[in-house]
Number of protein chains: 4
Amino acid sequence: MALPHNHWVLTFVCADLPGIVHAVSGAVVASGGNITESQQFSSADTGRFFMRLQVESEASRGEFEAALAPVVERYDMTWRLDVVGRPLRTLVLVSTAAHCLNDLLFRQRAGQLPVQIPLVLSNHGSLRDLAGFYDVPFESLPVTDAASKAAFEQRVIDAVDEHDIELVVLARYMQIISPELCERLAGRLINIHHSFLPGFKGANPYKQAHARGVKLIGATAHFVTSDLDEGPIIEQNVVRVDHTRTPAELVAIGQDEESRTLTQAVKWFAEDRVLLDGARTIIFR
Amino acid sequence: MALPHNHWVLTFVCADLPGIVHAVSGAVVASGGNITESQQFSSADTGRFFMRLQVESEASRGEFEAALAPVVERYDMTWRLDVVGRPLRTLVLVSTAAHCLNDLLFRQRAGQLPVQIPLVLSNHGSLRDLAGFYDVPFESLPVTDAASKAAFEQRVIDAVDEHDIELVVLARYMQIISPELCERLAGRLINIHHSFLPGFKGANPYKQAHARGVKLIGATAHFVTSDLDEGPIIEQNVVRVDHTRTPAELVAIGQDEESRTLTQAVKWFAEDRVLLDGARTIIFR
Amino acid sequence: MALPHNHWVLTFVCADLPGIVHAVSGAVVASGGNITESQQFSSADTGRFFMRLQVESEASRGEFEAALAPVVERYDMTWRLDVVGRPLRTLVLVSTAAHCLNDLLFRQRAGQLPVQIPLVLSNHGSLRDLAGFYDVPFESLPVTDAASKAAFEQRVIDAVDEHDIELVVLARYMQIISPELCERLAGRLINIHHSFLPGFKGANPYKQAHARGVKLIGATAHFVTSDLDEGPIIEQNVVRVDHTRTPAELVAIGQDEESRTLTQAVKWFAEDRVLLDGARTIIFR
Amino acid sequence: MALPHNHWVLTFVCADLPGIVHAVSGAVVASGGNITESQQFSSADTGRFFMRLQVESEASRGEFEAALAPVVERYDMTWRLDVVGRPLRTLVLVSTAAHCLNDLLFRQRAGQLPVQIPLVLSNHGSLRDLAGFYDVPFESLPVTDAASKAAFEQRVIDAVDEHDIELVVLARYMQIISPELCERLAGRLINIHHSFLPGFKGANPYKQAHARGVKLIGATAHFVTSDLDEGPIIEQNVVRVDHTRTPAELVAIGQDEESRTLTQAVKWFAEDRVLLDGARTIIFR
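Residues numbered from 1 in each chain as written. Chains lettered and ligands numbered in written order. Predicted model: local features only at pLDDT ≥ 70, side-chain atom pairs only at ≥ 80, totals over all residues. Heavy atoms only, no water.

Under the annotation held in an unreviewed UniProt entry, chain A carries the name Formyltetrahydrofolate deformylase and is attributed to Herbiconiux ginsengi. One UniProt comment on chain A, placed under Sequence similarities (unreviewed entry), says "Belongs to the PurU family." UniProt, in its Catalytic activity (unreviewed entry) section for chain A, records the words "(6R)-10-formyltetrahydrofolate + H2O = (6S)-5,6,7,8-tetrahydrofolate + formate + H(+)". (UniProt positions renumbered as here; feature names shortened; annotations may be inferred.)

The following block contains the structure:
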């Protein structure tokens, strides 16, 4: 009887040296696999080599890992092996703006976003019903001072542990994350900023954009670091505006870009398409 | 025998008050004119009213001005009256990059850009042949120190007087303009900056963009003020890039956006479609 | 005591003649109004003149109409007078795809789409909960043959009467509307087609797009006429795709363009910004 | 003494089977090469496998070919080996529109387009000076009837032989190519069509676009086949327009999209990034 095929996604990062592709593809062949998708990049900036593969194979996970182990060791690789399409355990943080959460939940239910969301956490209560409509648990804890902020962040840490969270998404969560939490969630904390970074960092970017009279407004999904709005950029989009738009209209117009940009970044991350190369991201679309 | 029709373009700027449109359109009717294009905008930021009209009329310029004079006086308007399509006398400053100059000259010859260019002035000699192909006079003066820079700027001032220049275009002219010259040419000096302002002001914007890992690069055409790269924005465009692009490739990719953005800004300005509202521009496309 | 200000939106369509703007603005002045937004267009194709105004006035509706009546009569105008921001009574027809309905309802609740939806009507039951979450009544009637189709369309007609419907939106309603109903709802029936018309008319546009190997896919919001997918276009958007995308992925990618394109078209229509000029639309953005 | 490094570009097409990547990368390793760029695609439509590599190697061309020969034979591959950046010998056909030729020649001179153009051939004389400015030989032969058309096409055939032409570009050449010549130049004849295909095939696409009232106009670069405007699409771009644009303005607006789309397609082709998969193209950007 034919064994069921497994569909694996693999990422490798290591120093750029000759022979890596041959070594990796040799391990794939040795375990009876077939490469269905392959992307690679050699960074001139950092000298690192990045690779992402999708492989169909009849081998078990153990057999596949065993075949890859010598290659990984030889090239001193950072690597990941996962099943294509496995939903990523994702914690979403929100405040009062609904559009990003709505898009994430709608896309997730529609089967277009491979995440599983065990909890939405907010510093307000107003999005409880929206989460409820999609059958996602929702908790709110007010953040009004240093103590309540610390309590909120402790709840994040606990929820991450409790649900074995792999990604935390700031879906218009309007509080600055402490350096400690940034550090703890490094590489798995994604924010949507409502401007075309590096323009208009900080607060009220649409008001700044109006004052500056820009002709395009945008949104930026990025990893969060303790350096505010300076983390590695994952995705950006812009939309044309003109002089007739008030700051309030810019807010409404920009929401589309915010939600699609964040959802796209989350999708790529969940599909193991986002790799870090210093302060920049490699996106294997 | 029917008199030939004139096609006028009019712009008005004044404090926003009721009755302006009726007063202006009354003067148009009184002089036998017909409005073929009309745009207006009331700025909530500055309380100013902006209007641009195109009018077909059998009246002479004198008759038309006489009909408009009481309205202009009554509302204390800043205004302009010109002939639709009259080529604007334009001085172009360049250094060594050819793409913006090439686009301006090609479009001008193709009849798509209503400018007349009596002179291209450069701090290098390398674009002489390009100007020559389009039969445009070309002068170069090296800028190597304060004295030669002052001499260059004096040549700009002389050329502006000599040719009765209405617009000066910095088509990738890679020298900072002195505050005095900025002041003298205020409102008629347009620059193309090779980034999506306000991101990446100053030098080497593509290198900055690469280092920051942005996913879109762009270009910005703006009025020049003594505050470097902070003048009112006229037009902006962006194009998508990814992690594989080197700084040198960003330069090549960005050139398309630079030339189309600058040409668009010059075209709108030459058509009297650009009005200043404080630090912002009104673009009556 | 100062009377409250009214904010009116006006549209006028008539043969293009001199003096219209002056006559209209005169009536506005006579009724104590102030023009806050104004757009006009003279169609070279049809010789028609189109105008849209927003006017702040202390006059009552009756007073304002009385001031305008002589102008309207003199130029034999088709015209409309409404209150800025009044929600348009809108009937939405859907089948099983949720994304367009979700976007309409989300935007409506967020206060960004001036419509009021008394009913969602479907030939399937699957979107009942989505409508319910937004507290919108939902009815489903199966369409399986000529008789049930006729019954469905009769229900549409009855609902239009019952709720005094001003706009019917086909939000991925996957049945062809009969010529009789098209005729009855002419000018107030908007469809979203999931291709960049006129490319890929008819069924399965994404499959056609994949087979043809296009590099951009799109969506088109248009008025429905009895000539399938040939009605006047209101809005279009496209998004870049490449050879790696399967037809199923094109469907998912295209959904964003569909929902934003349809919502934009509905918004413009609800704001009286869409006027018909033969087979083309005038959009006063 | 270290031998100079060669930088090779390789493309392979064959039936999709396991082990190809390993076999190819093995040959690369065996010849001392290092893969600097790699892309692959398995077509679900045709069952074909496509691969493009860039390889740095100290091996000679002969040594490299010898290393690859067994792999190529084993998988029955169609393949190409070339030097990265070698200018492609390109014949350009034009009529009277200058914008596409101007862009090709400007980009070529600027070092951004790896082509070498030994001849521009036209059915008119008007672009002689433009070619001359870039020191490119220019010939014109009028096409007025069947005989002169046949003579023109014979001149194309002769020029292709004479200059060992690898690509023929129709840069707004406004004559239909005979089926015989299409056949003879199959896979190396690229046209720019001034619409967003498959919309508005045939003559006067901007006039058609105006009549249909589309909100975006575009351009399509495609391989030419005997089936008019139906050949495989290489690249497409669009730009937003509105109801105010006349057909003549659409022509001017569309020119930017035409020239950038054609130049992009030629660049990708010259870099061996365009492969045919039935009626579709694979673009390894």
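The structure having been displayed, the exposition proceeds.
Novice: If you had to explain the interface of chain B and chain A to someone new, which residues and values would you point to?
Specialist: Chain B puts 34 residues into the contact, and the matching count from chain A is 34 residues. Taken together, both faces of the contact between chain B and chain A bury some 3000 Å²; the carbon and sulfur share is 52%. Summed over the three residues of chain B that lose the most area to chain A, namely Arg212(B), His243(B) and Arg280(B), the buried surface amounts to 25% of that side. Inspection of the region where chain B meets chain A yields four salt bridges. Between Arg212(B) and Glu230(A) there is a salt bridge, and its shortest N-O distance comes to 3.3 Å. (Contact = heavy atoms within 4.5 Å. Buried area = accessible area lost by both parts, 1.4 Å probe. Salt bridge = Lys/Arg side-chain N within 4 Å of Asp/Glu carboxyl O.)

Novice: Give a description of the domain arrangement of chain A that names residues and reports values.
Specialist: All names here are of chain A. Each assigned domain of chain A is listed with its residue range as follows: domain 1 (6-83) and domain 2 (88-283). In this structure, domain 1 and domain 2 have C-alpha centres spaced 31 Å apart. At the junction of the two partners, domain 1 supplies 16 residues and domain 2 supplies eight residues. Here domain 1 and domain 2 share an interface that buries about 920 Å² over both sides, 48% of which is from carbon and sulfur atoms. Looking only at domain 1, the three residues that lose the most surface to domain 2 are Phe50, Arg52 and Arg80, adding up to 43% of its buried area. (Domains from an automatic or database assignment.)

Novice: Could you give me a rundown of unusual backbone geometry, with the residues and numbers involved?
Specialist: For residues besides glycine, phi is generally negative; the peptide bonds are generally trans as well. Cis geometry marks the peptide bond from Leu197(A) to Pro198(A); its omega dihedral reads 10°. Take Pro198(A): it is sitting in the loop between strand E9 (189-193) and helix H7 (205-212). (Helix = DSSP H or I, 4+ residues; strand = E, 2+ residues; numbered from the N terminus.)

Novice: Lay out the relation of the copies chain B and chain A in plain terms, naming residues and giving numbers.
Specialist: What relates the two chain copies is a rotation about an axis together with a slide along it. The two copies are related by a screw motion: chain B maps onto chain A through a turn of 180° and a shift of 0.0 Å along the axis, at an RMSD of 0.0 Å. A rotation of that kind, with that shift, is consistent with a two-fold axis. Measuring from the rotation axis to each C-alpha of chain B, the shortest distance belongs to Gly199(B), at 2.3 Å. When the interface residues of chain B are mapped onto chain A, 100% of them are again interface residues, pointing to one common binding face. (Least-squares fit on C-alpha atoms with pLDDT ≥ 70 in both.)

Novice: Could you give an account of the UniProt feature "domain: ACT" (unreviewed entry) in chain A, with specific residues and numbers?
Specialist: The residues that UniProt annotates with the feature "domain: ACT" (unreviewed entry) are residues 9-86 of chain A. Structurally, residues 9-86 of chain A comprises 32% helix and 41% strand, and the distance from its first C-alpha atom to its last is 10 Å.

Novice: Requested: an account of the relation of the copies chain D and chain B, with residues and values cited.
Specialist: The two copies are related by a screw operation: chain D maps onto chain B through 180° of rotation and 0.0 Å of translation along the axis, at an RMSD of 0.0 Å. Taken together, the interface assignments show that 100% of the residues at the interface of chain D recur at the interface of chain B, consistent with an identical surface on both copies.

Novice: Summarise the state of the cysteines; cite the residues concerned and give the values.
Specialist: Residue and element names in this part refer to chain B. Applying the stated criterion to the full structure yields zero disulfides over all chains. Sulfur of cysteine 100: no disulfide; nearest cysteine sulfur belongs to cysteine 182 and is 18 Å away. With relative accessibility at 1%, the residue cysteine 100 sits in the buried group. (Disulfide = S-S within 2.5 Å. Buried < 20%, exposed > 50% of the residue type's maximum accessible area, 1.4 Å probe, protein only.)

Novice: Which residues make up the UniProt feature "active site" (unreviewed entry) in chain A, and what are the values?
Specialist: Look at the UniProt record and you will see "active site" (unreviewed entry) annotated at Asp229(A). Once residues within four sequence positions are removed from consideration, Asp229(A) is found in contact with Asn191(A), His193(A), Leu197(A), Lys201(A), Gly202(A), His222(A) and Arg212(B). Within the local environment of Asp229(A), its side chain forms a polar contact with the backbone nitrogen of Gly202(A), the two atoms lying 2.8 Å apart. (Polar contact = N/O pair within 3.5 Å; in protein donor to acceptor, adjacent residues only side chain to side chain.)

Novice: I'd like to hear about the packing of helix H3 (residues 99-109) of chain A against helix H3 (residues 99-109) of chain C, residue by residue, with values.
Specialist: Viewed as axis vectors pointing N to C, H3(A) and H3(C) meet at an angle of 160°, and their least axial separation amounts to 12 Å. Considering their axes alone, H3(A) and H3(C) lie roughly antiparallel with respect to each other. The interaxial crossing formed by H3(A) with H3(C) has right-handed handedness. The residues of H3(C) that touch H3(A), namely those facing His99(A), Asn102(A) and Phe106(A), are His99(C), Asn102(C) and Phe106(C). (Axes fitted to C-alpha atoms, helices over the stretch in contact; angles between N-to-C directions. Parallel < 35°, antiparallel > 145°, perpendicular 65-115°, else oblique. Left-handed = near helix turned anticlockwise from the far one by under 90°.)

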